[in-house]
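Okay, here's what each chain looks like letter by letter:
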Amino acid sequence: MSKRRTAILISGRGSNMASLIDAAKAPEYPADIALVLSNRPEAPGLATAKAQGIATAAVDHKIYAGREAFEASLQKMLQAHRIDFICLAGFMRMLTPAFVTHWEGRLINIHPSLLPSYKGLHTHERALADGVKIHGCSVHYVVAEMDAGPIIAQAAVSVLDDDTPDTLGKRVLEQEHVIYPLALRLAASGALKIDNMRVTGARGAPCAMVSPRV
Ligand code: GRF
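The present account deals with the structure reproduced in this document.

Conventions and cut-offs
- Sequence order as written defines the numbering, with residues in each chain counted from 1.
- Per-residue local features are limited, in this predicted model, to residues with pLDDT of at least 70; the limit for side-chain atom pairs, both in listing and counting, is 80 or more; totals at the level of whole chains, interfaces and linings are taken over all residues.
- Heavy atoms throughout the structure, all of them, feed into the side-chain values; hydrogens and water do not.
- Numbered from the N terminus, helices here are DSSP runs of H or I no shorter than four residues, and strands are runs of E no shorter than two.
- What the globule rule says is 2.2 Å times the number of residues to the power 0.38, and the radius of gyration is computed from C-alpha atoms.
- Only protein chains enter the accessibility calculation, which uses a 1.4 Å probe; a residue whose area is less than 20% of its type maximum is buried, one above 50% is exposed, and one in between is partly exposed.
- We call two residues in contact when some of their heavy atoms are within 4.5 Å.
- The Shrake-Rupley method, run with a 1.4 Å probe sphere, supplies the accessible areas, and residue values consider only the shown protein chains as cover.
- Charge assignment: positive for Lys and Arg, negative for Asp and Glu; neither His nor the chain ends contribute.
- Lysine's charge is taken at NZ, arginine's at CZ, aspartate's at CG and glutamate's at CD.
- Comment: axis = line fitted to C-alpha atoms, over the contacting stretch for helices; angle = value between 0 and 180 degrees taken between N-to-C directions.
- Crossings are assigned a handedness: left-handed for a near helix turned anticlockwise from the far helix by less than a right angle, right-handed for a clockwise turn.
- Under this grouping Gly is polar, as are all residues other than the nonpolar Ala, Val, Leu, Ile, Met, Phe, Trp, Tyr, Cys and Pro and the charged Asp, Glu, Lys and Arg.
- Nearness here has a simple test: a residue counts as near a molecule or strand if at least one of its heavy atoms is within 4 Å of that partner.
- In protein, a polar contact requires one atom able to donate a hydrogen and another able to accept it; more generally it is a pair of N or O atoms within 3.5 Å, and residues adjacent in sequence count only if both atoms are side-chain atoms.
- Should DSSP find at least two bridges between two strands, the strands are regarded as paired.

Some remarks on the overall build of the chain
Across its full length, the chain carries six helices and ten strands. Against the 2.2 N^0.38 benchmark of 17 Å for 214 residues, the chain shows a C-alpha radius of gyration of 17 Å, consistent with a compact globule. The dimensions of the chain, computed from C-alpha atoms along their principal axes, are 50 × 40 × 35 Å. When each of the 214 residues of the chain is scored for burial, the buried share is 50%. Taking contacts inside the chain between residues at least 6 apart in sequence as the whole, the part at least 24 apart equals 63%. On the chain, roughly 10500 Å² of surface is accessible, and the fraction owed to carbon and sulfur atoms is 55%. Distance between charge centres in the chain, computed from 23 positive and 20 negative side chains, equals 6 Å.

Spelled out as structure tokens, the structure:
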């Protein structure tokens with residue numbers, strides 16, 4: 001089976017991007033990271049990708065009049081690199097329904113909460129403020145509504161008494177780096193089926209992980 005030509009869209013440091021790049025080095029991995037694209041030219045993740053020999057590009061959202069014009073440029077870039085699968089990894093721009101529909105089933109995202117809890121920003125602060133005992137991260141297909149698409153994989157971590165948003169976020173991030181490569185492997189291999197909100201077909205791969213209590 002030929003590898004899916006995959007773009008990773010970032011806005012910042014790119015630690016999830018790096019975990020995907022690493023995973024894709026395995027010969028049998030079904031995705032090839034063909035492009036890392038940032039809406040912020042200064043995103044540190046671009047340099048990390050470049051150092052790994054990955055093609056990079058910046059499409060600076062600030063120079064476009066609106067979302068449609070920005071996304072038209074994005075599409076051109078994706079087309080030029082013959083991309084057929086997209087991973088959002090800390091990409092901080094809302095995508096239009098038209099873009100999302102175009103990429104439906106080929107566009108996934110990582111979010112630092114156990115969805116459907118804590119959509120949006122500041123997830124670790126909000127989880128601590130609510131006193132939840134279990135927190136975590138999710139990889140999901142992207143739909144027009146933010147953080148609302150079918151879930152592919154999740155990992156849970158315990159919330160500890162002395163956690164701060166930083167310490168909790170760090171433990172969640174470690175799990176993000178585990179589930180994102182797994183989710184891309186499953187999604188790019190064509191094994192998954194989407195039935196409304198349910199994703200099935202992982203063929204025994206552990207799509208729910210619980211990190212040991214520390
Ligand atoms: C991660 O926490 C991810 O879940 C969220 O944005 C953050 C990006 O971090 N969507 P990084 O750039 O991958 O290090």
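Things to note about the side chain of Arg4
Here Arg4 shows up in strand S1 (residues 4–10). Excluding residues that lie within four positions of it along the chain, Arg4 makes contacts with Pro30, Ala31, Asp32, Asp84, Phe85, Arg106, Ala187 and Ala188.

Observations concerning the packing of helix H5 (residues 123–130) against helix H6 (residues 165–189)
Axis separation between H5 and H6 bottoms out at 9 Å; the angle between their running directions is 115°. Crossing geometry of H5 relative to H6 is assigned as right-handed. Across the interface between the two elements, His124, Glu125 and Leu128 of H5 pack against Pro165, Leu168, Gly169 and Val172 of H6. Looking at the contact of H5 with H6 residue by residue, the class counts come to four nonpolar, two polar and one charged.

Observations concerning the site of the ligand
Lining the immediate surroundings of the ligand are Arg13, Gly14, Ser15, Asn16, Gly90, Ile110, His111, Pro112 and Glu176. Within the side chain of Ser15, an N or O atom sits 2.5 Å from an oxygen atom of the ligand. One of the backbone N or O atoms of Asn16 is found 2.9 Å from an oxygen atom in the ligand. Across the complex, the protein chains shield 84% of the 360 Å² of accessible surface that the ligand would expose by itself. Secondary structure elements with two or more residues in the shell around the ligand: helix H1 (15–23) and strand S5 (107–111). The class makeup of the residues in the shell around the ligand is two nonpolar, five polar and two charged.

Points about the sheet that holds strand S3 (residues 56–58)
Strand order in this open sheet of eight strands is S3-S2-S1-S4-S5-S6-S7-S10, and the pairing throughout is mixed. Of all the strands in the sheet, just S3 and strand S10 (208–210) have a single pairing partner and so form its edges. The sheet shows a mean angle of 20° between the axes of neighbouring strands, taken without regard to direction. In the sheet, strand S2 (residues 31–38) pairs with S3 via three bridges, with the strands oriented parallel. In the sheet register, Leu37 faces S3, and the bridge partner there is Ala57. Against the sheet, H6 touches S1, S2, strand S4 (85–88), S5, strand S6 (134–141), strand S7 (151–158) and S10, its axis set at about 155° to S7.

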